[in-house]
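One letter stands for each residue in the lines below.
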Amino acid sequence: MKLYIYQHCPFCLRVLLLRGLKKLDLPVQVVLENDVETPTRLIGRKKVPILQKADGSAMPESMDIVRYLDAQFAPPLLTAAERPALDDWSERAGKLIFRLAVPRITRGDFAELATPEARAAYIEREIRAFGDLDALIAATPELLAELNPLLTELDGLIPPPDGELGESDIRLFPLLVLLSIVKEARLPPAVAAWYNALLARSALSDFSAQAQ
Ligand SMILES: N[C@@H](CCC(=O)N[C@@H](CS)C(=O)NCC(=O)O)C(=O)O
C-alpha cells in the first residue's frame, strides 16, 4: 500500500494522524502541486489523499481511507462515539483557520511546493479559492480576534488528552496543525494538552517550526 499526500493538506493530515497513532508501516509519497498526472492516473482527478491498496486499486476521500485503515489493522482505534459539538466547532472554525493558514502555507517549506512551478500552481489554486492572499495576511489581527473566542469555546468542549478517540478527533486535529503556522495564534490550556498529546502519540510534526 502507498499513501499519496500534500504535507500541508488538512485532509491528508487526517490519514497521517491515524497512520501515526496506529504506527502503520504505510509508505507516503508527496505529490507536487503541479503534478496532475499522478492523481488523475489513480483516481481520475487531481485530489489527495489517495490510498493505493495492495491490489493496486486506489481509494480517495480522507475519511473513507481513515475508516478503511482502522478496520484493516486491528485493534480498531476510533471507538469513541461521534461528538456533534466538536464537529460543529470544526465546521465553524475551519473556514477561519483556513484563511489564516493558507496564505502562510503558500510561502512555506512543504515538499509539494519544492519547485517554482509547483509553488506557482498552488498559489494560483489558493487565489482562486480565497482571493487576495496578501490581504488575508494583512487581516491577521481581525481573523484572530474572531478565532480567539472560538478557541475559548473549544477549551470547554475538548475531550481529555488520554481519552478514547473517534472520527471527530480525526477531523479536528488537522485544523490545529494548520493553525500552528500562524505565529500569533495561541491554544488555550485544555486544547493545548489534547493537541500536544496527539502530536506526541502520532510522532507527527506540526508547522510551528516555520510559523510566520
Ligand atoms: N473530500 C476530500 C477533499 C480532499 C481535498 O480537497 N484535497 C485537496 C488538498 S487539501 C486537493 O487535493 N486539491 C487539489 C486541487 O484541487 O487541485 C477528502 O476528504 O479527502
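Remember, predicted model here, so these are calculated numbers, not experimental data.

Draft legend 1. Seen up close, the overall build of the chain. Across its full length, the chain carries nine helices and four strands. What you see in the chain, going N to C, is helices and strands ordered as β-α-β-α-β-β-α-α-α-α-α-α-α. A compact globule built from 212 residues would reach a C-alpha radius of gyration of about 17 Å, and the chain, at 17 Å, matches this within 12%. C-alpha atoms of the chain, sized along the principal axes, occupy 50 × 40 × 25 Å. Summarising the internal contacts of the chain: among those between residues at least 6 apart in sequence, 74% fall at separations of at least 24. Carbon and sulfur atoms make up 55% of the accessible area of the chain, which totals about 9800 Å². Computed over 24 positive and 29 negative side-chain charges, the separation of the two mean positions in the chain equals 2 Å.

Draft legend 2. Seen up close, the pattern of salt bridges. In this structure the tally under the stated criterion is 15 salt bridges. Between Asp-70 and Lys-22 there is a salt bridge, and its shortest N-O distance comes to 2.6 Å. Taken together, the residues span a long stretch of sequence, with Asp-70 in helix H3 (residues 62-72) and Lys-22 in the loop between helix H1 (10-21) and strand S2 (28-30) at a distance of 48 residues. For Arg-171, the salt bridge goes to Glu-82, with nearest N and O atoms at 2.9 Å.

Draft legend 3. Here's a closer look at the nonpolar core. Within the largest apolar cluster, 66 residues are counted, with the highest numbers of intra-cluster contacts made by Leu-69, Trp-89, Ile-97, Leu-147, Phe-173, Leu-179 and Trp-194. If one sorts the elements of this core by residue count, helix H4 (residues 84-106) sits on top with nine residues. Taken domain by domain, the makeup of this core includes at least three residues from each of domain 1 (2-72) and domain 2 (84-210). Once you skip the residues sitting within four places of it in the chain, Leu-69 turns out to touch Met-1, Val-15, Leu-18, Lys-22, Leu-24, Leu-26 and Leu-51.

Draft legend 4. A look at the layout of surface pockets. Taken as a whole, the largest pocket holds about 490 Å³ of empty space. Forming the boundary of the largest pocket are 24 residues, of which Cys-9, Phe-11, Lys-47, Val-48 and Arg-125 lie nearest the centre. Taken together, the elements giving at least two residues each to the lining of the largest pocket come down to H1, H3, H4 and helix H5 (116-130). In terms of residue class, the lining of the largest pocket is made up of 15 nonpolar, two polar and seven charged. Residue contributions to the lining of the largest pocket reach at least three from each of two domains, namely domain 1 (2-72) and domain 2 (84-210). For the second largest pocket, the calculated volume is near 270 Å³. Along its surface, the second largest pocket is lined by Pro-10, Phe-11, Arg-14, Asp-87, Ser-90, Glu-91, Gly-94, Lys-95, Phe-98, Arg-171, Pro-174 and Leu-175. Looking at the lining of the second largest pocket, the elements that each hand over two or more residues are H1, H4 and helix H8 (167-179). A total of six residues in the lining of the second largest pocket trace back to one element, the largest contributor, which is H4. Its residues placed into classes, the lining of the second largest pocket shows five nonpolar, two polar and five charged. Residue-level mapping places the lining of the second largest pocket at the junction of two domains, with at least three residues from each of domain 1 (2-72) and domain 2 (84-210).

Conventions we followed
Residues numbered from 1 in each chain as written. Predicted model: local features only at pLDDT ≥ 70, side-chain atom pairs only at ≥ 80, totals over all residues. Heavy atoms only, no water. Helix = DSSP H or I, 4+ residues; strand = E, 2+ residues; numbered from the N terminus. Rg over C-alpha atoms; globule rule 2.2 N^0.38 Å. Contact = heavy atoms within 4.5 Å. Areas by Shrake-Rupley, 256 points an atom, 1.4 Å probe, with all protein chains shown as cover. Lys, Arg positive; Asp, Glu negative; His and termini not counted. Charge placed at Lys NZ, Arg CZ, Asp CG, Glu CD. Salt bridge = Lys/Arg side-chain N within 4 Å of Asp/Glu carboxyl O. Core = buried A, V, L, I, M, F, W, Y, C linked by side-chain atoms within 4.5 Å. Buried < 20%, exposed > 50% of the residue type's maximum accessible area, 1.4 Å probe, protein only. Domains from an automatic or database assignment. 1 Å grid on protein atoms, 1.4 Å probe; cavity = no way out; pocket = protein on both sides within 12 Å on 5 of 7 lines; lining within 4 Å. Points joined across faces, edges and corners; volume = space filled by probe spheres on them. Nonpolar A, V, L, I, M, F, W, Y, C, P; charged D, E, K, R; others polar.

Geometric descriptors of this kind do not, in isolation, establish any biological role.
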